[in-house]
Amino acid sequence: MTDLFDRIIGDKGPLGKWAKQAEGYYVFPKLEGNISNRMEFNGKKVLTWSINDYLGLANHPEVIKADADAAAIHGMAYPMGARMMSGHTKFHEQLEKECAEFVSKEAAYLVNFGYQGMVSAIDALVTKNDVIVYDIDTHACIIDGVRLHAGKRFVYKHNDVESLEKNVKRAVKIADKTGGGILVISEGVFGMRGEQGKLKEIAALKKKYNFRFLVDDAHGFGTLGATGAGTGEEQGVQDDIDVYFATFAKSMAGIGAFFAGNKDVVQYLQYNMRSQMFAKSLPLTMVKGALKRLDMIRTMPELKAKLWENTNALQNGLKDNGFDIGKTNTCVTPVYLHGDIPEAMAMVNDLRENHGVFCSIVVYPVIPKGLIILRLIPTATHTLEDVNETITAFSDIREKLQSGVYKKIGATMV
Ligand SMILES: Cc1ncc(COP(=O)(O)O)c(C=O)c1O
């Protein structure tokens, strides 16, 4: 037997092992100042492309005022207790009603965090007789929800409808034996690579097989669809989504999330989702702030139009300059480059220190060894000047990466 902490201290995990080199810079960086296209990092102004404030609501004066007004009345404590017990208000109900209406569902239920809510919703929706079929590239909250499942689960190749169908067939065989049902789970937008989930094709499969469809639309909500109601609206299949999920952490520039669906399913979640039954409810200040944000998403289409103007300029500019941005068909803009982790560190350091451009960096083990993704999130607060400046900076760092400059610098960094 060993002391549990001996292992923990000796092996900090695949990311934790880089803590000494990375902490405060590549991970846990402190971006300071008002949330916008230009923020401060290590005392210097940087052009910021790493914040999911798609519509620029985070620092919008109307949003700041709504939050401040609500906080002045309620503080952050009210209501105390879980929704079921003493944490319920008419404003929680109103926000649920408005979220449901916005995404064309009968009802909605709020959760405090998207991550925990998703884990808990999956846990609530299935029993050991049911089978889950899910995309291999789904967000950790889905993976972790599936981990709680006591029954069978099958994973299908990313956005591969043939692989999905094969696995649904396997699920049908099991569900026929157990008497259970099938839950298929996809993201609306895959947040790392920016591809939309194949919701239309999955919806078409529902005509052949009897399954229910859960969609995590964290990145689609507010950014896609004619009204901003998300990927289901964009692909014309919102009605085929049985349980729709969106977080307030991105376009809504807040905190919290919701599930929407028909009345019975939502009521079931209210009475069975453990993350809400056994935890304090979303503070009223956040709820009132979310009502304001939702109203702005509904009534200010110019925010989404500006977001897409910037997105199109950035993505077209990168492609025209020979960058590989994969198959993104959303605002999420990954730039694929090749190199090892030390090279990636040297490159990002150059980008931040000498070009004043701050974006997220994704490396192994999140993606395969040798691949580097610089992930850009355009927002409505960016300008076309920002786009041009970034493309110039990217052209410079690509040249240095390819000529081996970062190999030498990177070797001194680890
Ligand atoms: C696809 C996806 N699902 C769920 C979540 C979790 O949402 P939250 O930040 O509200 O916990 C995120 C990240 O925020 C996400 O990107």
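Residues numbered from 1 in each chain as written. Predicted model: local features only at pLDDT ≥ 70, side-chain atom pairs only at ≥ 80, totals over all residues.

## Quick look at the site of the ligand
So, step 1. By nearness alone, 13 residues border the ligand, and Gly114, Tyr115, Ala218, Thr247 and Ala249 come closest of all.
So, step 2. With 3 residues, helix 6 (residues 114-125) is the single largest residue contributor to the shell around the ligand. (Near = placed C-beta within 6 Å. Helix = DSSP H or I, 4+ residues; strand = E, 2+ residues; numbered from the N terminus.)

## Examining the environment of Ile142
So, step 1. Structurally, Ile142 is set in helix 7 (residues 140-147).
So, step 2. For Ile142, a count of 24 C-beta atoms within 10 Å puts it in the buried group.
So, step 3. Spatially, the C-alpha atoms of Ile142 and Glu187 are 9.1 Å apart, while their sequence positions differ by 45 residues. (Buried ≥ 20, exposed ≤ 12 C-beta atoms within 10 Å, placed from the backbone.)

## Some details on the domain arrangement of the chain
So, step 1. Domain annotation of the chain identifies domain 1 (10-48 + 301-411) and domain 2 (61-297).
So, step 2. At the interface, 12 residues of domain 1 touch 11 residues of domain 2.
So, step 3. If you list the elements that add at least two residues to the side of domain 1 that touches domain 2, you get helix 14 (301-320) and strand 11 (333-338).
So, step 4. The class makeup of the residues in the side of domain 1 that touches domain 2 is 5 nonpolar, 5 polar and 2 charged. (Domains from an automatic or database assignment. Contact = placed C-beta atoms within 7 Å. Nonpolar A, V, L, I, M, F, W, Y, C, P; charged D, E, K, R; others polar.)

## As for the nonpolar core
So, step 1. Of all hydrophobic cores here, the largest spans 114 residues; its most connected members are Val133, Phe258, Phe259 and Ala260.
So, step 2. Counting the residues that make up this core, at least three belong to each of domain 1 (10-48 + 301-411) and domain 2 (61-297).
So, step 3. Ignoring sequence-local partners within four residues, the contact set of Phe258 consists of Glu96, Cys99, Ala108, Tyr109, Leu110, Val111 and Ala246. (Core = buried A, V, L, I, M, F, W, Y, C linked by C-beta atoms within 7 Å.)

## Quick word on the sheet that holds strand 8 (residues 212-216)
So, step 1. Read across the sheet, 7 strands follow the order 4-10-9-8-7-5-6 without closing on themselves; strand pairing throughout is mixed. Two strands close off the open sheet at either side, each with one partner strand: strand 4 (107-111) and strand 6 (153-156). Each strand of the sheet is rotated relative to its neighbour by a mean of 20°, with strand direction disregarded.
So, step 2. Where strand 5 (residues 131-135) lies against strand 6, 4 bridges are found, and the strand directions are parallel. Within strand 6, the residue paired with Asp135 across the bridge is Tyr156.
So, step 3. Each of strand 4 and strand 10 (257-261) touches helix 5 (residues 90-102); the most contacted strand, strand 4, lies at about 125° to it. (Pairing = 2+ DSSP bridges. Axes fitted to C-alpha atoms, helices over the stretch in contact; angles between N-to-C directions.)

## As for unusual backbone geometry
So, step 1. Cis geometry is found at the peptide bond from Tyr78 to Pro79, where omega equals -5°.
So, step 2. Mapped onto the secondary structure, Pro79 falls in the loop between helix 4 (61-74) and helix 5.
So, step 3. For Asn42, which is not glycine, the phi torsion reads 50° and is therefore positive.
So, step 4. The residue Asn42 is located in the loop between strand 2 (38-41) and strand 3 (44-48) in this model.
So, step 5. Even without being a glycine, Ala253 presents a positive backbone phi close to 45°.
So, step 6. As for its position among the elements, Ala253 is in the loop between strand 9 (243-247) and strand 10.

## Notes on the packing of helix 4 against helix 13 (residues 284-299)
So, step 1. Here helix 4 crosses helix 13 at 155°, and the two axes come no closer than 8 Å. Taken together, the axes of helix 4 and helix 13 are roughly antiparallel relative to one another. For the crossing formed where helix 4 meets helix 13, the hand is right-handed. Of the residues in helix 13, those touching helix 4 at Glu62, Val63, Ala66, Asp67, Ala70, Ala71 and His74 are Leu284, Thr285, Lys288, Gly289, Lys292, Arg293 and Met296. (Parallel < 35°, antiparallel > 145°, perpendicular 65-115°, else oblique. Left-handed = near helix turned anticlockwise from the far one by under 90°.)

## A short note on helix 8 (residues 161-178)
So, step 1. Its 18 residues give helix 8 an end-to-end C-alpha distance of 25 Å, which sits within 8% of 26 Å, the value for a rise of 1.5 Å per residue.
So, step 2. Restricting attention to buried positions, one finds in helix 8 the residues Leu164, Asn167, Val168, Ala171 and Ala175. The arc enclosing the buried residues of helix 8, seen along the axis, measures out at 110°, which places them on a common side. In helix 8, those exposed residues whose orientation departs by more than 90 degrees from the buried face are Glu162, Lys173, Asp176 and Lys177.
So, step 3. At its buried positions, helix 8 is contacted by strand 5, strand 6, strand 7 (182-187) and helix 9 (199-205). (Expected span 1.5 Å × (residues − 1). Arc of directions from axis to C-beta.)

## Things to note about the sheet that holds strand 3
So, step 1. Reading across the sheet, the 4 strands line up as 1-2-3-12 and stay open at both edges, with mixed pairing between neighbours. Unpaired on one side and paired on the other, strand 1 (31-32) and strand 12 (357-358) mark the two borders of the sheet.
So, step 2. For strand 3 and strand 12, the ladder comprises 2 bridges, and the chain directions are parallel. The partner of Leu47 across the bridge, within strand 12, is Val357.

## What about the packing of helix 6 against helix 7?
The description of two packed helices rests on the angle between their axes and on the distance between the axes.
So, step 1. Running from N to C, helix 6 and helix 7 point in directions that differ by 35°, and their axes come no closer than 8 Å. The way helix 6 lies across helix 7 gives a crossing that is right-handed. When helix 6 is examined against helix 7, the residues Gly114, Tyr115, Met118, Val119, Ala121, Ile122 and Asp123 are found in contact with a partner set consisting of Cys141, Ile142, Asp144, Gly145 and Val146.
So, step 2. Looking at the contact of helix 6 with helix 7 residue by residue, the class counts come to 8 nonpolar, 2 polar and 2 charged.

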